[in-house]
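# Reading the structure
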Amino acid sequence: MHVLIVILAVLDIIVCVGLVTLVALQEGDEAGLGSLAGNFETFMDKSNGGSFEEKLQKLTTVLAISFAVLSIILYLLTGRVA
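Report follows, based on the coordinates. Position labels on residues start from 1 in each chain and follow its written sequence. Owing to the predicted nature of the model, reporting of local features is limited to residues with pLDDT of at least 70; listing and counting of side-chain atom pairs is limited to 80 or more, with chain, interface and lining totals taken over all residues. Side-chain numbers come from the whole structure's heavy atoms, not from hydrogens or water.

Let's shift gears to a nonpolar patch on the surface. On the surface, Val6, Val10 and Ile14 cluster together to form a nonpolar patch covering roughly 250 Å² of accessible area. Every helix listed is a DSSP run of H or I at least four residues long, and every strand listed is a run of E at least two residues long, numbered separately from the N terminus. Following the sequence through the fold, Val6 ends up in helix H1 (residues 2-25). For each residue, the accessible area found with a 1.4 Å probe, counting protein chains only, is set against the maximum for its type, and the residue is called buried under 20%, exposed over 50%, and partly exposed in between. Given the relative accessible area of 41%, Val6 is considered partly exposed. Exposure above 30% relative accessible area and no salt bridge define the residues that can form patches, which grow by joining like charges within 9 Å and nonpolar side chains of Val, Leu, Ile, Met, Phe, Trp and Tyr within 5 Å. Each accessible area value is a Shrake-Rupley result obtained with a 1.4 Å probe; residue values ignore everything except the protein chains displayed when judging cover. Any carboxyl oxygen of Asp or Glu that lies within 4 Å of a side-chain nitrogen of Lys or Arg is treated as forming a salt bridge with it.

Below is the structure:
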């Protein structure tokens, strides 16, 4: 059981770092760190799966949900210490 908890904790940290990176890459109202990624939208056909921003948003949603699920599983496995 201890090995499973360690593996899930490492996976949770990796997902967390990926989530922070994706959020930093997304453009908001101001072109923040998203401008570092360049403008990939001109190279991708919009009918071919959407723009680069749409793919970033979908991947961010997937990582956010997996981060939440992993965190809850880790909480349940490690016990509820008051």
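That was the structure; now back to the text.
With that out of the way, let us pick up the environment of Thr60. Structurally, Thr60 is set in helix H2 (residues 52-78). Given the relative accessible area of 13%, Thr60 is considered buried. A sequence separation of 38 residues divides Thr60 from Leu22, and the C-alpha atoms of the two residues are 6.2 Å apart. Two residues qualify as a contact provided that any one of their heavy atoms is within 4.5 Å of a heavy atom in the partner residue. Look past the residues within four positions of Thr60 in its chain and what remains in contact with it is Leu19, Leu22, Val23 and Gln26. Polar contacts here mean pairs of N or O atoms no more than 3.5 Å apart (in protein, one a potential hydrogen donor and the other a potential acceptor; neighbouring residues in sequence count only if both atoms are side-chain atoms). A distance of 2.6 Å separates a polar atom in the side chain of Thr60 from the backbone oxygen of Leu56.

Glancing now at H2. Under the convention used throughout, the expected extent of a helix is 1.5 Å for every residue step, that is, one less than its residue count. With 27 residues, H2 should cover 39 Å at 1.5 Å per step; its first-to-last C-alpha distance of 38 Å lies within 8% of that length. Every buried residue of H2 is accounted for by Leu56, Thr60, Leu63, Leu70 and Leu74. On the buried face of H2, the contacting elements are H1. Of the residues flanking the end of H2, it is Gly79, one or two places downstream, whose phi is positive at about 90°.

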